[in-house]
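# Structural description and commentary
Below are the chains, spelled out letter by letter.
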Amino acid sequence: MKILKIELENLNSLRGKWTINLSDKIYETNGIFAITGQTGAGKTTIFDAICLALYGQTPRLGKISDRQNEIMSRRTKECYAEVLFEINGEKYLSYWEQHRAGKNNKLQDAKHVLSHADTG
């Protein structure tokens, strides 16, 4: 499996929308890169986003439910993680999201979808 792109929104310290396009020429020509930064900068959150998109949970936080979501950034109402990846020349999109609704901001059930990137 080759990860081509990671998108995420409102996960831990990474508030707002973020995109890491690993198919960008800079990653392909250099061949290696490092994820660095200070404590709390969001390094581990990138790996959490990959795990959420692919598996609907993270190793360090476990399963996220409609009762508990420790990964959604504080004071936000929605979060998501999406990974575009390639296996044997075929591209797939794996997506996970959760949001709050109603006047009590109740967590809704998470949505987890895996689809063929070209055909849906």
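As a reminder, the structure under discussion sits directly above these lines.
This write-up is about the structure you can find in this document. (Residues numbered from 1 in each chain as written. Predicted model: local features only at pLDDT ≥ 70, side-chain atom pairs only at ≥ 80, totals over all residues. Heavy atoms only, no water.)

### Details of unusual backbone geometry
Here Asn12, not a glycine, exhibits a phi torsion of approximately 50°, which is positive. You can see Asn12 is positioned in the loop between strand S1 (2-11) and strand S2 (14-21). The phi torsion at Asn105 lies on the positive side, around 55°, for a residue other than glycine. By secondary structure assignment, the location of Asn105 is in the loop between strand S6 (90-101) and strand S7 (106-107). (Helix = DSSP H or I, 4+ residues; strand = E, 2+ residues; numbered from the N terminus.)

### Side note on the pairing of S2
Two elements, S1 and S2, share 6 bridges in a ladder whose sense is antiparallel. Paired with Ile6 across the two strands is Ile20, which belongs to S2. Linkage of S1 to S2, two consecutive antiparallel strands, is achieved through a turn of 2 residues, within which Asn12 is found at a positive phi near 50°. (Pairing = 2+ DSSP bridges.)

### Examining the pattern of salt bridges
Under the defined criterion, the tally for this structure stands at 2 salt bridges. Salt-bridge contacts for Lys5 lead to Glu7; the nearest nitrogen and oxygen are separated by 3.2 Å. Arg60 is paired through a salt bridge with Asp48; the nearest N and O atoms lie 2.4 Å apart. Here the residue Arg60 occupies a position in the loop between strand S3 (57-58) and strand S4 (62-63), and Asp48 occupies one in helix H2 (residues 43-55), the gap between them amounting to 12 residues. (Salt bridge = Lys/Arg side-chain N within 4 Å of Asp/Glu carboxyl O.)

### Things to note about the nonpolar core
Membership of the largest hydrophobic core comes to 20 residues, with the highest contact counts inside it found for Ile6, Leu8, Leu11, Ala49, Leu52 and Ala81. Residue assignment for this core shows that the elements contributing at least two residues are S1, H2 and strand S5 (78-87). For this core, the element with the most residues is H2, which contributes 6 residues. Beyond its immediate stretch of four places on either side in the chain, Leu52 contacts Leu11, Gln57, Thr58, Ile64, Ile71, Ala81, Trp96 and His112. (Core = buried A, V, L, I, M, F, W, Y, C linked by side-chain atoms within 4.5 Å. Buried < 20%, exposed > 50% of the residue type's maximum accessible area, 1.4 Å probe, protein only. Contact = heavy atoms within 4.5 Å.)

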